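Examining the three-dimensional arrangement
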Amino acid sequence: MNSPVWHPFTQHALEPAMRRIVETDGACLIDDGGARIFDAISSWWVITHGHRHPAIIAAIQAACDRYDQIIFAEYTHEPAEELAHGLLRIAPPGLAHVFYSDSGSTCVEVALKMALGFFHNCGTPRQRICVLEHSYHGDTIGTMSAGERGVFNAAYEPMLFGVDRLPFPQAGHEQDTLDAFERFCASGDVAALLIEPLILGAGGMLIYSQQVLSELKRIAERYGSLLIADEVMTGWGRTGSVFACEQAGVSPDILCTSKGLTGGALPLAATLCTAEIFQAHLSSDRRKTFFHSSSYTANPIACAAAVANLAVWENEPVRERIRELGSMQKRRLARFQADPRFRNVRQIGTITALDLTVPGAGYLADVGPKLRAFFRERQLLIRPLGNIIYMMPPYCVTAAELDCAYDAMDDAAACFMAGRL
Ligand SMILES: *Cc1c(COP(=O)(O)O)cnc(C)c1O
């Protein structure tokens, strides 16, 4: 009731009381009344294998016996070294160096600084950044600048820097996106295209084709521009492959990963880059140093959790689980394919999304909080983006848990159509 805590993305004047969670288990959160809530969005997209995966928790416990935070300039440690080698083994080919940070936003900031620093240090400065319309890259000033402008950042708008926006590659209109990118590149000085590969997350779970991604990469190459893949959400199996870029056969120049990097257990992020970008910062001239750090860079306990996550990917049938989850999702989504109450019924890998047909769509659509309340009453953690309902469950989810969620979507739509939501 009387809490001083200010919660994220929360309008405290309108929201119901926060629900207090006392434990997590598998695909569920357990509240102080003992209720099990199905975490259908993986606690904001971070939990991959399930909450408290035993191998990851054990690795954290073991790391706690040896480490806390260790300064990461001048000093290094085994978990960070091992993780870097492991990441380069599992990432698309061509990436050679790993820079650590602690959140999705910061690893994208690092990527932008690497790209700008690359051209600066090469003596051929370029300042322009291209992005896709509707993209989301984080909530810091730099990543907000790159992301879609709207109600989220209206207050900060005058402080945000300009970027060049490509139209979203809607099916059938892909060429418009490619042409726009080519025009920007041709007019000069495009340092990088910053892009969420194959699916834009917070922008509305918008899926686009692999061909667009590979074509964009080809255009970037032709003009000497870098491709930054923001795999913060798409990484670690969400789209059906470890990284989404793989499906397009694309090796980005810079790859950003966070959310599922530790299986979701602890905050950690990494920005991977090519040897060329690292080399451009390598010099006897100190001014060419990559001037970036955050206090908790490469926290050893978080790195140990990520190493354990890599081992889970190696030792457990994670890829099969993802494939099975994809088909479980597909079978359940099928009932809405020809349902006029929904539009744009879509899926990529383990993620499904559908738009409830409403008169006033958009993120602030009244229907969003109403749907959320409806699901909450059914012990389901589903947070629609306006009228867009999506599922991004942990890979340990059971058929019964999925059934509950899809039945609830059906009932929510029925209530809404009957004016009872
Ligand atoms: C969540 C997200 C971010 C920001 O990550 P944080 O850890 O919340 O800062 C960046 N990019 C994408 C694509 C995301 O989904």
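Bear in mind the structure is a predicted one, so any value in this text is a computation, not a measurement. (Residues numbered from 1 in each chain as written. Predicted model: local features only at pLDDT ≥ 70, side-chain atom pairs only at ≥ 80, totals over all residues. Heavy atoms only, no water.)

Attention now moves to the sheet that holds strand β2 (residues 28-31). Ordered by their spatial adjacency, 4 strands build an open sheet running β1-β2-β3-β15, and the pairing between neighbours is mixed. Every interior strand has two partners, whereas the edge strands, β1 (21-25) and β15 (380-381), have only one. Bridging between β2 and strand β3 (residues 36-39) involves 3 bridges; their strand directions are antiparallel. Bridging from a neighbouring strand, Leu29 pairs with Ile37 of β3. (Pairing = 2+ DSSP bridges. Helix = DSSP H or I, 4+ residues; strand = E, 2+ residues; numbered from the N terminus.)

With that settled, consider the site of the ligand. Neighbouring the ligand are the residues Trp45, Ser103, Gly104, Ser105, Tyr136, His137, Gly138, Glu196, Asp230, Val232, Met233 and Lys259. Contact distances for the ligand include 2.6 Å between an oxygen atom and a side-chain N or O atom of Ser105. Contact with the protein chains hides 83% of the accessible area of the ligand, taken as 380 Å² for the molecule alone. Taken together, the residues of the shell around the ligand sort by class into 4 nonpolar, 5 polar and 3 charged. (Near = heavy atom within 4 Å. Polar contact = N/O pair within 3.5 Å; in protein donor to acceptor, adjacent residues only side chain to side chain. Areas by Shrake-Rupley, 256 points an atom, 1.4 Å probe, with all protein chains shown as cover. Nonpolar A, V, L, I, M, F, W, Y, C, P; charged D, E, K, R; others polar.)

This brings us to the pairing of β3. Counting the residues between successive antiparallel strands, the hairpin from β2 to β3 contains 4 residues, one of them, Gly34, with a positive phi of roughly 90°. Taken together, the 2 bridges between β3 and β15 define a ladder with parallel strand orientation. Bridge assignment links Asp39 to a residue of β15, and that residue is Leu381.

In the contact formed by helix α11 (residues 367-377) and helix α12 (residues 399-417), the axes pass within 10 Å of each other and the chain directions differ by 130°. As the angle between them shows, α11 and α12 are arranged oblique. Remark: the crossing between α11 and α12 carries right-handed chirality. Between α11, through Val367, Leu371, Phe374 and Phe375, and α12, the contact on the second element is made entirely by Ala408, Met409, Asp411, Ala412, Cys415 and Phe416. Taken together, the residues of the contact of α11 with α12 break down into 9 nonpolar, no polar and 1 charged. (Axes fitted to C-alpha atoms, helices over the stretch in contact; angles between N-to-C directions. Parallel < 35°, antiparallel > 145°, perpendicular 65-115°, else oblique. Left-handed = near helix turned anticlockwise from the far one by under 90°. Contact = heavy atoms within 4.5 Å.)

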